[in-house]
Amino acid sequence: MQYRTLGRTGVQVSTLALGAMNFGRIGSTGQDEATAIVDAAIEAGINLIDTADAYSDGRSEEMVGRAIAGRRDDLVIATKAYLPMGEDPNRRGSSRRWLVTALEDSLRRLDVDHVDLYQIHRWDPNTSDEETLSALTDLQRAGKIRYFGSSTFPAYRIVQAQWSAREHHLSRYVTEQPCYSILQRGIESHVLPVTEEYGLGVLAWSPLASGWLSGAIRAGREITTSRSGFMPHRFDLDVPANRAKLEAVERLAKVADQAGLTMIQLALGFVTAHRAVTSAIIGPRTMAHLHSQLAAADTVLTAEVLDEIDEIVSPGVDLAAEEKYDTPPSILDATLRRR
């Protein structure tokens, strides 16, 4: 396992991070298997575990807490807040009122007294940067979080938050967690240049593109990944973007074969090859998934292989941009762009 510095924090984290979204209802991974996955990941050298309060309505955090019991100090624990945690309209977002409550809930579920990285799961257009950063700074000073970061923020919001922190003399986001894979390269043109400029660590989610780059999805095969039931529209071949993804996958499979790599090694090696990326977040649902992904821990792609990937999916291009959740609201809602 390789390690890189998380932004400018000085904290060393593994280039593969363990994502816990599949723990619980979303991935149907039970406690025993989740604990076994965590055990094996730690044994392989992974020291960063990423979860969120909204994953299976808090169940993922509870399972992570049980799995890391007795060795919390050896790990970098990251969680998130923002997504709805109930019907009450104030049990969501990034207001001070909610973040204080949400963090206490997460600490209780994780059974820890602090988290190393607390992330705002999405940009909240209803809350000012000053409000959110002020709350996070106070929680940091109280010792309940060590650092805080953003997740899936558009580039201009990352810049705005950095400016706001400086303007109001508050602590700043030190990481960004964007969607990034061979099939979703849009952040190369806007987000990654910004994270490099401000020295943010980058934790890339969905490096296997929801299973498209796992090797399981090929032309002529029935799509049977766990995601096909959870997000069926992402695998419907009547959708032009999905046909484009399948065409790219077929070409990428040939590149992988010629290089003597699995598709997973190709996909994860591509993400960690970018100099702005700190870690790729893997989200295994089973031990078999974990082992296939750990095989990419030390994969280094040659310049020739990276050039071949560029010919299949051009740098800065998303094959399905709407799946990344970072589209500005005015693009999605006509009332926000029309008088």
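Heads up: the structure comes first, above all this text.
As a starting point, this report considers the structure included with it. (Residues numbered from 1 in each chain as written. Predicted model: local features only at pLDDT ≥ 70, side-chain atom pairs only at ≥ 80, totals over all residues. Heavy atoms only, no water.)

The subject of this paragraph is the packing of helix H8 (residues 240-259) against helix H11 (residues 303-312). In contact at an axis separation of 10 Å, H8 and H11 are set at 170° when each is read in the N-to-C sense. Classified by the interaxial angle, the pair formed by H8 and H11 is roughly antiparallel. Only Val305, Glu308, Ile309, Glu311 and Ile312 of H11 make contact with H8, whose side of the interface consists of Ala248, Arg251, Leu252, Val255, Gln258 and Ala259. Looking at the contact of H8 with H11, its residues break down into seven nonpolar, one polar and three charged. (Axes fitted to C-alpha atoms, helices over the stretch in contact; angles between N-to-C directions. Helix = DSSP H or I, 4+ residues; strand = E, 2+ residues; numbered from the N terminus. Parallel < 35°, antiparallel > 145°, perpendicular 65-115°, else oblique. Contact = heavy atoms within 4.5 Å. Nonpolar A, V, L, I, M, F, W, Y, C, P; charged D, E, K, R; others polar.)

Looking now at the sheet that holds strand E6 (residues 115-120). Paired through backbone hydrogen bonds, the strands of a sheet run either parallel or antiparallel to each other. With parallel pairing, eight strands are arranged side by side around a closed barrel as E3-E4-E5-E6-E7-E8-E9-E10. Each strand of the sheet is rotated relative to its neighbour by a mean of 30°, with strand direction disregarded. Inspection of the sheet shows strand E9 (residues 201-204) paired to strand E10 (residues 279-282) by two bridges, in the parallel sense. Across the sheet, residue alanine 204 finds its bridge partner in E10, namely alanine 280. Contacting strand E5 (76-81), E6 and strand E7 (145-151), helix H3 (residues 96-110) runs over the sheet at an angle of about 135° to E6. Across the face of the sheet, helix H9 (residues 263-273) comes into contact with strand E3 (16-19), E9 and E10 while running at roughly 145° to E10. (Pairing = 2+ DSSP bridges.)

The next subject is the nonpolar core. Residues Tyr118, Leu183, Leu213, Leu252 and Leu266 are the most contacted members of the largest nonpolar core, which totals 88 residues. Those residues in contact with leucine 183 that lie beyond four places of it in its chain are Ala209, Trp212, Leu213, Lys245, Ala248, Val249, Leu252, Val313, Val317, Asp318 and Leu319. Of all hydrophobic cores here, the second largest spans twelve residues; its members include Val13, Val76, Val174 and Cys179. (Core = buried A, V, L, I, M, F, W, Y, C linked by side-chain atoms within 4.5 Å. Buried < 20%, exposed > 50% of the residue type's maximum accessible area, 1.4 Å probe, protein only.)

The next point concerns helix H6 (residues 191-198). Those residues of H6 not exposed but buried are Val191, Leu192, Val194 and Thr195. In an axial view of H6, the angular spread of the buried residues amounts to 160°, which keeps them on one side of the axis. Looking at the buried side of H6, the elements it contacts are helix H5 (155-167), strand E8 (175-177) and E9. (Arc of directions from axis to C-beta.)

Once the charged atoms of two side chains with opposite charge are near each other, the side chains can pair. One pass over the full model with this rule turns up 16 salt bridges. For arginine 157, the salt bridge goes to aspartate 129, with nearest N and O atoms at 2.7 Å. Here the residue arginine 157 occupies a position in helix H5, and aspartate 129 occupies one in helix H4 (residues 129-141), the gap between them amounting to 28 residues. The same class applies to arginine 157 as to aspartate 129, namely buried. With a shortest N-O distance of 3.0 Å, lysine 245 and glutamate 323 are connected by a salt bridge. With a gap of 78 residues between them, lysine 245 in helix H8 and glutamate 323 in the loop between H11 and helix H12 (329-332) connect regions that are remote in the sequence. The burial state of lysine 245 is the same as that of glutamate 323; both residues are buried. Residues joined in a network through salt bridges with shared partners are Arg91, Asp105 and Arg108. (Salt bridge = Lys/Arg side-chain N within 4 Å of Asp/Glu carboxyl O.)

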